[in-house]
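# Structure assessment
Residue strings, one per chain:
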Amino acid sequence: MKELVTADEMRQSSRAERCAGHRIGLVPTLGFLHEGHLSLIRAARAENDVVVLSVFVNPTQFGPGEDFDAYPRDLDRDRMLARDNGVDALFVPTVEEMYPDGASRQLWLDPGKLANSLCGASRPGHFRGVATVVAKLLNIVQADSAYFGQKDGQQAVIVSRMARELAFPSEIRVLPTIREPDGLALSSRNAFLRPGEREQAPTLHRVLLEACRNIEAGERNVQTLERGMRTGIERAAPLARIDDVTIADLLWLQPIIGALGSDAILAIAAFFGSTRLIDNVQVRFRDGKPEFS
Ligand code: AMP
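Remember, it's a predicted structure, so these values are computed and weren't measured experimentally.

About the cut-offs
- Residues numbered from 1 in each chain as written.
- Predicted model: local features only at pLDDT ≥ 70, side-chain atom pairs only at ≥ 80, totals over all residues.
- Heavy atoms only, no water.
- Pairing = 2+ DSSP bridges.
- Helix = DSSP H or I, 4+ residues; strand = E, 2+ residues; numbered from the N terminus.
- Axes fitted to C-alpha atoms, helices over the stretch in contact; angles between N-to-C directions.
- Contact = heavy atoms within 4.5 Å.
- Near = heavy atom within 4 Å.
- Polar contact = N/O pair within 3.5 Å; in protein donor to acceptor, adjacent residues only side chain to side chain.
- Areas by Shrake-Rupley, 256 points an atom, 1.4 Å probe, with all protein chains shown as cover.
- Nonpolar A, V, L, I, M, F, W, Y, C, P; charged D, E, K, R; others polar.
- Parallel < 35°, antiparallel > 145°, perpendicular 65-115°, else oblique.
- Left-handed = near helix turned anticlockwise from the far one by under 90°.
- Core = buried A, V, L, I, M, F, W, Y, C linked by side-chain atoms within 4.5 Å.
- Buried < 20%, exposed > 50% of the residue type's maximum accessible area, 1.4 Å probe, protein only.

If you walk across this open sheet you meet the four strands as β7-β8-β9-β10, and the pairing is antiparallel. A strand with exactly one partner marks an edge of an open sheet, and here the two such strands are β7 (240-249) and β10 (289-292). Adjacent strand axes in the sheet meet at a mean angle of 20°, parallel and antiparallel pairs treated alike. As defined by bridge partners, β7 adjoins strand β8 (residues 264-272) across nine bridges and the pair is classed as antiparallel. Bridging across to β8, D244 finds its partner in A269. Set on the sheet, helix α9 (residues 203-216) makes contact with β8, β9 (275-286) and β10; between it and β8 the angle comes to about 155°.

A few words now on the site of the ligand. Taken together, the neighbourhood of the ligand is formed by 17 residues, with L30, H37, D152, I178 and L186 sitting nearest. Take G149: an N or O atom from its main chain is 3.0 Å from an oxygen atom of the ligand. One of the backbone nitrogen or oxygen atoms of L186 is found 2.9 Å away from a nitrogen atom of the ligand. Burial of the ligand by the protein amounts to 94% of the accessible area it has alone, namely 480 Å². Broken down by secondary-structure element, the contributors of at least two residues to the shell around the ligand are β2 (24-29), α2 (35-47) and β5 (145-149). If you tally residues by element for the shell around the ligand, the top one is α2, at three residues. When the residues that make up the shell around the ligand are grouped by side-chain class, the tally is eight nonpolar, seven polar and two charged.

A few words on the sheet that holds β5. A sheet is described by the order of its strands in space; here six strands give the open sequence β1-β4-β3-β2-β5-β6, paired in parallel fashion. At either end of the open sheet lies a strand with only one pairing partner, and these are β1 (2-4) and β6 (171-175). On average, each strand axis in the sheet is tilted by 25° relative to the strand beside it, whichever way the strands run. Packed on one face of the sheet, helix α6 (residues 126-141) meets β2, β3 (50-55), β4 (89-91), β5 and β6 and runs near 150° to β2. Along the sheet, helix α7 (residues 153-165) makes contact with β5 and β6, crossing β6 at roughly 165°.

What follows is about the packing of α6 against α7. Axis separation between α6 and α7 bottoms out at 10 Å; the angle between their running directions is 50°. The pairing of α6 with α7 is recorded here as oblique in orientation. The chirality of how α6 crosses α7 is right-handed. Counting all contacts with α6, which are made through F127, V130, A131, V134, A135 and L138, the residues of α7 involved are Q154, Q155, I158, V159 and M162. A breakdown of the residues in the contact of α6 with α7 according to their chemical character gives nine nonpolar, two polar and no charged.

To continue, consider the nonpolar core. In summary, soluble globular proteins display a tendency toward joint burial of nonpolar side chains. Core analysis: the largest hydrophobic core is formed by 44 residues, its most contacted members being L26, V52, V134, L138 and M162. Looking at this core element by element, the count peaks at 10 residues for α6. Apart from the residues lying within four places of it in its own chain, the contact partners of V134 are F148, V159 and M162. Ranked by size, the runner-up nonpolar core spans 28 residues in total, among them L184, V222, F272 and V281.

Looking at the element boundaries, N280 is found in strand β9. Among the residues examined, N280 registers a relative accessible area of 4% and is labelled buried. Only 2.8 Å separates the side chain of N280 from the backbone oxygen of Q150, close enough to count as a polar contact. Side-chain polar atoms of N280 contact the backbone oxygen of K151, separated by 3.1 Å. When residues no more than four places from it in sequence are discounted, the contact partners of N280 are Q150, K151, G153, R179, L208, I265, L266 and A267.

Quick look at the structure:
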């Protein structure tokens, strides 16, 4: 496995692979790898000749007072897991490498109203930072495909739209959320949960499943469904502080008012202590019948 630090080295390596006719798959991450990340690496491995894993804790997607400094990091372990799971090139740029103009940088990729709702409502600037860094990584790596998890549902929608609307040459692949046996979505931030919080955290997934069952049973009133999810969390997870419970349309990510009738995302964000967890399910209607993922 190669390890590359500069954008130039990474670009040269990709250029050589592409000249050799190889297909490149990119898995962008913040590191501190877990099974969720590894599922993306394995998919990239199965679908490409060359797998590039980027590990970069991107400062521009963290707001003031968020956990940029405290974000868990363990590059030695990430390196080992990457090698064991068939990564060919590990790209670990520095902040200076990714943002050479520092605070004087001017240009951002702005996802517009896609970034204002759901997680974006309480994290202003977050998705602008995400879209900008993903665009930069795709430009540097020149990947044929890039792999993202549905776990970060709003991010996956924004990155897919960015690639389509700006005609990026990379195909964006979105893969299912990997969970603990009790349903908790794997996340690097789970490491921060105290035992009592860890016990209650799977509630987020449980209330999403219950909302799906209610939709299956015919409930279409969005406010009733959202209220049900909130009450479910308040009852079963008193340690949770709800940040957001929203059902939004999958195209524009805008909250749905009234009746659920087209493809939607049911999204939850909640704090356990200072740890912010997110989860979501998507519902798509085929001939009026809901299908969940
Ligand atoms: P992160 O390092 O948290 O930014 O995640 C890097 C990529 O892994 C993103 O595309 C995430 O959506 C994805 N990911 C994170 N957690 C999971 C999970 N539990 N299942 C599937 N993908 C995940």
